[in-house]
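Residues per chain, in single letters:
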Amino acid sequence: MNTGCKKYVPFTPVSLPDRIWPDKRIERAPVWCSVDLRDGNQALVTPMNVQQKLEFFKLLVDLGFKEIEVGFPSASETEYEFLRALIDGHHIPDDVTIQVLVQAREHLIRKTFEAVRGAKNVIFHFYNSTSALQRKVVFKKDMQGITDIAVTAAKLIRQLTDEFEGDTRFRFEYSPESFSGTETDFAVDICHQVMVALGATKEDPIILNLPNTVELNTPNTFADQIEYFIRHLPDREAAIISVHPHNDRGTGVAATELSLMAGAERVEGTLFGNGERTGNLDIVTVALNMYTQGIDPGLDFSHIDHVRDMCEQYTRLQVPERWPYAGKLAFTAFSGSHQDAINKGHEYMRESKSPYWEIPYLPIDPADVGREYEPIIRINSQSGKGGAAFIMDHNYGYHLPKAMHPEFGAVVQLECDRTGRELQAEEVLALFTREFLNISEPYALSRAKFYEEAVAGSSANITHFSGVLSMRGKFVQLESRGNGPIDAFFGALGQAGIEGYSFITYSEHAISMGSDSQAVAYIQLRAPGGRRIYGVGTEHNINFASVKGILSAINRFENGKF
Ligand code: KIV
Ligand code: ZN
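As the structure is a prediction and not an experimental result, all values here were calculated from the model.

(A) Here's a closer look at the pairing of strand β6 (residues 206–212). With 7 of 7 residues buried, β6 is to be regarded as a mostly interior element. Looking at chain direction, strand β5 (residues 169–177) and β6 are connected through 2 bridges and run parallel. Across the sheet, residue Tyr-174 finds its bridge partner in β6, namely Leu-208. With respect to chirality, the unit in which β5 leads through helix α7 (residues 184–198) into the neighbouring parallel β6 is right-handed. Where β6 and strand β7 (residues 239–245) come together, 7 bridges link them in parallel fashion.

(B) Spatial organisation of the coordination of the zinc ion (ligand 2). For the zinc ion (ligand 2), every protein donor is listed as Asp-39 (OD), His-244 (NE2) and His-246 (NE2), and the spread of their distances is 2.0 to 2.1 Å. All donors of the zinc ion (ligand 2) come from a single chain, and their spacing in sequence reads D-x204-H-x1-H. Taken together, the residues Asp-39 in helix α1 (residues 36–42) and His-244 in strand β7 connect sequence positions 205 residues apart. An identical accessibility class is assigned to Asp-39 and His-244; each is buried.

(C) Main features of the sheet that holds strand β3 (residues 97–103). An order of β1-β2-β3-β4-β5-β6-β7-β8 is seen for the 8 strands of this closed barrel, with the pairing classed as parallel. Looking at each pair of strands side by side, their axes are set apart by 25° on average, direction ignored. As paired elements, strand β1 (residues 31–34) and strand β8 (residues 266–269) share 4 bridges and run parallel to each other. Looking across to β8, one finds that Val-31 is bridged to Arg-266. Packing against the sheet, helix α4 (residues 106–115) makes contact with β3, β4 (121–129) and β5, and its axis sits at approximately 160° to β3. Strands in contact with helix α6 (residues 143–163) are β4 and β5; relative to β4, the strand with the most contacts, it is inclined by about 160°.

(D) A look at the packing of α6 against α7. As a packed pair, α6 and α7 sit with axes 8 Å apart at the nearest point and diverge in direction by 25°. Accordingly, the angle class assigned to the pair α6 and α7 is roughly parallel. In the crossing of α6 with α7, the sense of the turn from one axis to the other is right-handed. Taken together, the residues of α7 that come into contact with α6 (itself represented by Met-143, Ile-146, Thr-147, Ala-150, Val-151, Ala-154, Lys-155, Ile-157 and Arg-158) are Phe-186, Ile-190, Gln-193, Val-194, Ala-197 and Leu-198.

(E) Layout of the pairing of strand β14 (residues 532–539). Of all the 8 residues making up β14, 6 are buried; the element is thus mostly covered by neighbouring parts of the structure. The turn linking strand β13 (residues 516–526) back onto β14 is made up of 5 residues, and Gly-529 within it adopts a positive phi angle of 95°.

(F) Quick peek at the packing of aromatic side chains. Following the criterion strictly, the structure yields 18 aromatic pairs and no others. With centroids separated by 6.3 Å and ring planes inclined at 70°, the aromatic side chains of Phe-72 and Tyr-127 adopt a geometry described as edge-to-face. You can see Phe-72 sitting in the loop between β2 (67–71) and α3 (77–88) and its partner Tyr-127 sitting in strand β4, a full 55 residues away along the chain. For Phe-72, a relative accessible area of 14% puts it in the buried group. With centroids separated by 6.0 Å and ring planes inclined at 50°, the aromatic side chains of Phe-113 and Phe-164 adopt a geometry described as tilted. Linking Phe-113 in helix α4 with Phe-164 in the loop between α6 and β5, this pair joins segments that are 51 residues apart in sequence. Of the two residues, Phe-113 and Phe-164, neither departs from the other in class, the shared state being buried. Between the NZ or CZ atom of Arg-117 and the centre of the ring of Phe-164, over which it lies, the distance is 4.5 Å. A cation over an aromatic ring shows up here: Arg-556 above the ring of Phe-436, its NZ or CZ 3.9 Å from the ring centre.

(G) Broad picture of the packing of α3 against α4. Put simply, α3 and α4 touch, their axes get as near as 10 Å, and they point 30° apart. As judged from the angle between their axes, α3 and α4 are roughly parallel. For the pair formed by α3 and α4, the contact residues are Glu-77, Tyr-80, Leu-83, Arg-84 and Ile-87 on the first element and Lys-111, Glu-114 and Ala-115 on the second. Broken down by class, the residue content of the contact of α3 with α4 amounts to 4 nonpolar, no polar and 4 charged.

(H) Spatial organisation of the sheet that holds strand β10 (residues 461–471). With antiparallel pairing, the 3 strands of this open sheet are ordered in space as β9-β10-β11. Every other strand in the sheet has two partners, leaving β9 (443–454) and β11 (474–482) as the edge strands with one partner each. Averaged over all neighbouring strand pairs, the angle between strand axes comes to 10°, with direction disregarded. Direction of pairing for β9 relative to β10: antiparallel, over a ladder of 11 bridges. Counted as the bridge partner of Tyr-451 is His-464 from β10. Contacting β9, β10 and β11, helix α16 (residues 485–495) crosses the sheet at an angle of about 135° to β11. Together, β9 and β10 form the strand contacts of helix α17 (residues 542–558), whose direction differs from that of β9 by roughly 140°.

(I) A look at the site of ligand 1. Around ligand 1, the surrounding shell consists of Arg-38, Asp-39, His-125, Ser-175, Glu-177, Asn-209, Pro-211, Thr-213, His-244 and His-246. Residue Thr-213 places a side-chain N or O atom 2.6 Å away from an oxygen atom belonging to ligand 1. Contributions of two or more residues to the shell around ligand 1 are made by α1, β5 and β6. For the shell around ligand 1, the per-class residue count stands at 1 nonpolar, 6 polar and 3 charged.

(J) Molecular detail of the domain arrangement of the protein. As assigned here, the protein comprises domain 1 (31–315), domain 2 (336–437) and domain 3 (443–558). The centre of domain 1, based on its C-alpha atoms, is set 45 Å off from the matching centre of domain 2. On the domain 2 side, the residues contacting the 9 residues of domain 1 number 6 residues. Surface buried jointly by domain 1 and domain 2 totals about 550 Å² across both partners, of which 59% is contributed by carbon and sulfur atoms. The three residues of domain 1 that bury the most area against domain 2 are Tyr-291, Thr-292 and Ser-302, which together make up 52% of that side's buried surface. Connecting domain 1 to domain 2 are 1 salt bridge.

Here is what the cut-offs are and how they apply
Residues numbered from 1 in each chain as written. Chains lettered and ligands numbered in written order. Predicted model: local features only at pLDDT ≥ 70, side-chain atom pairs only at ≥ 80, totals over all residues. Heavy atoms only, no water. Buried < 20%, exposed > 50% of the residue type's maximum accessible area, 1.4 Å probe, protein only. Helix = DSSP H or I, 4+ residues; strand = E, 2+ residues; numbered from the N terminus. Pairing = 2+ DSSP bridges. Right-handed = clockwise from strand over helix to strand, strands pointing away. Donors = N, O, S within 2.8 Å, 3.2 Å for Na, K, Ca; no water. Axes fitted to C-alpha atoms, helices over the stretch in contact; angles between N-to-C directions. Contact = heavy atoms within 4.5 Å. Parallel < 35°, antiparallel > 145°, perpendicular 65-115°, else oblique. Left-handed = near helix turned anticlockwise from the far one by under 90°. Phe/Tyr/Trp six-rings, centres within 6.5 Å; stacked < 30°, edge-to-face > 60°. Lys NZ or Arg CZ within 6 Å of the ring centre and 35° of its normal. Nonpolar A, V, L, I, M, F, W, Y, C, P; charged D, E, K, R; others polar. Near = heavy atom within 4 Å. Polar contact = N/O pair within 3.5 Å; in protein donor to acceptor, adjacent residues only side chain to side chain. Domains from an automatic or database assignment. Buried area = accessible area lost by both parts, 1.4 Å probe. Salt bridge = Lys/Arg side-chain N within 4 Å of Asp/Glu carboxyl O.

This is how it looks when you write it as structure tokens:
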């Protein structure tokens, strides 16, 4: 028995038996605040330099962030320099508020006020740690001692704001850091005392930012804490409730979504979840999750590959291939049954003209995030018959009849097994062309003509065929007639001694090839011995396309392609 786990003390959830959040829905986007340039940056092996931070800031503005935490200017020279570069270089749009973080300590607070001089809109964000563990182990203070730190800082911030010269509009944010490990009643009390010290009002509300600094339990327990906090906070209207989830248990997204259901109005996080340890909350995922529920997140991820590439470049971290929405494999289906269903979904959308996105296995239209359908289906030995047919249809305009899918799928599968890798779309086309299309050995028509003859007293015509067939290097003149072109041609084949084939099915459509348009005919024959075999022909004229399709099927059989 492994008793190692006994050293961990289980989390004690807040008691909220009458919780109402589980029945709530997320109905609108929260205020988003990016902390990429602070929490994200401080967690990088090589933090960004001033130029990189300026470029990242511009990216965040372009994505639509209106609140951006730009750093910890009292903590490092680079952070200070970056902030000054932003302000002095006039890089901050009027509708964007920069946020600066500072510990609840006097000299750092004073330095931070100096650092923001000249900015138009500032969120002055201060914090101290409040959890039972931090009080005991790090600060060695009781609740009152911790409250004093926060309230003293709040009073100083109020005073320095009142004395501040210039046009800067200040708003305030307080974080009881390690909130999730803090007794929730204590968190309410300390936050309320900070609100009073700062003079928060409904007109000028404080942001109370409740961090899941370390995820300690399942996301529902965090949502309980948020609902409990909101229900017990006096002057609720004088506060904006913000959450700042981290991802230690891998449930940062879930904790955020449940906390929004529990009443949070603002979310702090980073792009793709960069941040301390296992990261901050991934804003991209939460925003696009909302998008797929019909809610405009207010952030623009319509070029997600670009956003991912930029983040990878600045952070030197890789977004994993299976990351929601942004991973390189996020829109790739390997399994044959998934591919079939996606294929059917596309067909359904095309035929029904449904205004809704109704494609199984694809919770979002890849085009909405600037991704393409092309890489959705990858052809490997697991992909089954539908995948290859989808590629032929979607990429090249060949609508292979259903009955042909297994035969073509088997050819593709064989090639995957032979090469031991997945096939690119062009390789699928090359296989189709090599194995099915206009196959002209051993039999090919070198000249051919069809003409119709009216039959007296009948509405049906007789079709005449006349042509020259090349048969293993010999040329044979053929003349025959039938009740249609296919019938007439079969008659001619009999004359040439090519026997034992009968016609099963036929389908055709037009296909554009560059500026040209041609007919494609898919012909299924029963070959000697009963075997069913497909051949495909293309020509400008549908009759000749059919004849070529018949010869392709026969030639495939003669060549042992079955
Ligand atoms: O994770 C955290 O608690 C923080 C605070 C400073 C907001 O980053
Ligand atoms: Zn954090």
